[in-house]
Amino acid sequence: MGTVAKEAAIDLLKNEIPVKEDEPLFLSGDVNTGLVLVDIVNGFCTVGAGYLAPVAPDKQISAMVDESVKLAKLFCEKKWPIYALLDSHHPNVPEPPHPPHCIAGTDESKLVPALQWLESEPNVTLRCKDCIDGFVGSIEKDGSNVFVDWVKANEIKAILVVGICTDICLLDFVCSALSARNRGFLSPLEDVIVYSRGCSTFDLPAQIANIKGALPHPQELMHHIGLYMAKGRGAKVVSEVSFDTYAKAT
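Residues numbered from 1 in each chain as written. Predicted model: local features only at pLDDT ≥ 70, side-chain atom pairs only at ≥ 80, totals over all residues. Heavy atoms only, no water.

Of the comments in the UniProt record for the chain, the one headed Sequence similarities (unreviewed entry) reads "Belongs to the isochorismatase family." (UniProt positions renumbered as here; feature names shortened; annotations may be inferred.)

A. Region of interest: the overall build of the chain. Looking only at helices and strands, the chain has eight helices and eight strands in total. Relative to its length of 250 residues, the chain is compact, with a C-alpha radius of gyration of 18 Å against a globular reference of 18 Å. With respect to the principal axes defined by its C-alpha atoms, the chain has extents near 50 × 45 × 35 Å. Accessible area of the chain: about 12,600 Å², with a carbon and sulfur share of 55%. The chain carries 22 positive and 32 negative side-chain charges, and their two centres are separated by 2 Å. (Helix = DSSP H or I, 4+ residues; strand = E, 2+ residues; numbered from the N terminus. Rg over C-alpha atoms; globule rule 2.2 N^0.38 Å. Areas by Shrake-Rupley, 256 points an atom, 1.4 Å probe, with all protein chains shown as cover. Lys, Arg positive; Asp, Glu negative; His and termini not counted. Charge placed at Lys NZ, Arg CZ, Asp CG, Glu CD.)

B. Summary view of the pattern of salt bridges. Taken as a whole and judged by the stated rule, the model has nine salt bridges. Between Glu140 and Arg127 there is a salt bridge, with its nearest N and O atoms 3.4 Å apart. One end of the pair, Glu140, is in the loop between strand S4 (124–129) and helix H4 (146–153); the other, Arg127, is in strand S4, and 13 residues separate them in sequence. Taking the relative accessible area as the measure of exposure, Glu140 reaches 34% and is therefore partly exposed. Here Asp191 ties to Lys236 by a salt bridge, and the two come within 3.4 Å at their closest N and O atoms. With Asp191 in strand S6 (residues 191–200) and Lys236 in strand S7 (residues 236–238), the pair connects residues that are 45 residues apart, well separated along the chain. (Salt bridge = Lys/Arg side-chain N within 4 Å of Asp/Glu carboxyl O. Buried < 20%, exposed > 50% of the residue type's maximum accessible area, 1.4 Å probe, protein only.)

C. Here's a closer look at the packing of aromatic side chains. Across all of its chains, the model carries eight aromatic pairs by this definition. Summarising the aromatic geometry, the rings of Tyr83 and Trp150 are spaced 5.2 Å apart at their centres and angled 40° between planes, so their arrangement reads as tilted. You can see Tyr83 sitting in strand S3 (residues 82–87) and its partner Trp150 sitting in helix H4, a full 67 residues away along the chain. The buried category is assigned to Tyr83, whose relative accessible area is 0%. Judged by relative accessible area, which is 6%, Trp150 ranks as buried. Grouping aromatic residues by their ring pairs yields a cluster made of Tyr83, Phe135, Phe147, Trp150 and Phe173. (Phe/Tyr/Trp six-rings, centres within 6.5 Å; stacked < 30°, edge-to-face > 60°.)

D. Main features of the state of the cysteines. Taken as a whole and assessed by the stated rule, the structure comprises zero disulfides. Among the cysteines around Cys76, which has no disulfide bond, Cys128 carries the closest sulfur, lying 18 Å off. (Disulfide = S-S within 2.5 Å.)

E. Spotlight on the nonpolar core. Val36, Phe147, Ile159 and Val174 are the most contacted members of the largest nonpolar core, which totals 70 residues. Sequence-distant contacts of Val36, defined by excluding residues within four places in its chain, comprise Tyr83, Leu85, Phe147, Trp150, Ile159, Leu160, Val161, Val162 and Phe173. (Core = buried A, V, L, I, M, F, W, Y, C linked by side-chain atoms within 4.5 Å. Contact = heavy atoms within 4.5 Å.)

F. The arrangement of the sheet that holds S7 in detail. With parallel pairing, six strands are arranged side by side in an open sheet as S4-S3-S2-S5-S6-S7. The open sheet has two edge strands, S4 and S7, and neither has a second partner. For this sheet the average axis-to-axis angle between neighbouring strands, irrespective of direction, equals 25°. As paired strands, strand S2 (residues 33–38) and S3 are joined by four bridges and run parallel to one another. (Pairing = 2+ DSSP bridges. Axes fitted to C-alpha atoms, helices over the stretch in contact; angles between N-to-C directions.)

G. Fine view of unusual backbone geometry. With omega at 0°, the peptide bond leading from Ile164 into Cys165 counts as cis. The omega torsion across Ser187 and Pro188 is 10°, close enough to zero to call that bond cis. Mapped onto the elements of the fold, Pro188 is located in the loop between helix H5 (169–182) and S6. Unusually for a residue other than glycine, Asp39 sits at a positive phi of about 55°.

H. Main features of the side chain of Ser109. Mapped onto the elements, Ser109 comes out in the loop between S3 and S4. Here Ile103 takes part through its backbone oxygen, which lies 3.4 Å from a polar atom of the side chain of Ser109. Once residues within four sequence positions are removed from consideration, Ser109 is found in contact with Val41, Leu86, Asp87, Ser88, Cys102, Ile103 and Ala104. (Polar contact = N/O pair within 3.5 Å; in protein donor to acceptor, adjacent residues only side chain to side chain.)

I. Local environment of the pairing of S6. Counting buried positions along S6 yields eight of ten residues, so the element is predominantly enclosed. Sheet topology note: the strand S5 (residues 158–164)/S6 ladder contains six bridges and is parallel. Residue pairing in the sheet places Val161 in a bridge with Val194 of S6. Handedness of the crossover is the feature at issue here: the chain leaves S5, passes through H5, returns alongside S6, and the resulting connection is right-handed. Sheet analysis places S6 next to S7, joined by three bridges and oriented parallel. Among the inter-strand pairings, Ile193 is bridged to a residue of S7, identified as Lys236. (Right-handed = clockwise from strand over helix to strand, strands pointing away.)

In structure tokens:
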């Protein structure tokens, strides 16, 4: 299928399953809001960093990192809570159907260079996870959940979620957070908000997927589907985020 035909097909699907975005999000501090960063690590975002990293510069991923860095800096300036999930796997515990990736202790499992400064920020909680779903990956051996404790300790009423992949790790985390909220496990959390320009996924065209034996994964379409699914589960989806100093930083 040629480029023009692909674009037409994607446009057709977007028209069939549109994502109706919510009003732009304005963060004033009146509502306790936490920022959740999902897997913005080298193994998914830095060119050539691993089996699941981009093989060439990727505009969507780069834009996601840039937006996430801007938000992280502003949240730290205001000393608002940040919860950063880092994909981190034990070498002998596979995660089918994915090849080995983001092995604990390697550069793949570390935050991208533009975000590594977060490791020394007092308002940041870092959580290494060994599974796709960061909510499940936040469960401790004693049954407690670090993410749930973070929400309660900071009295968070809304979380703003950014990261990668829109349709995989980020979507799974959002769906679990919404289910937990609906069951009353995440009080006082009310809103789960996905920032579309702060999310991204990977691109694996059909012709390459056939060679690797993987499922085709067209980036733009799967990003859209991820947002559509999050919206359908009850998340708010926004394409604009602003607060007092945000306009000056962009």
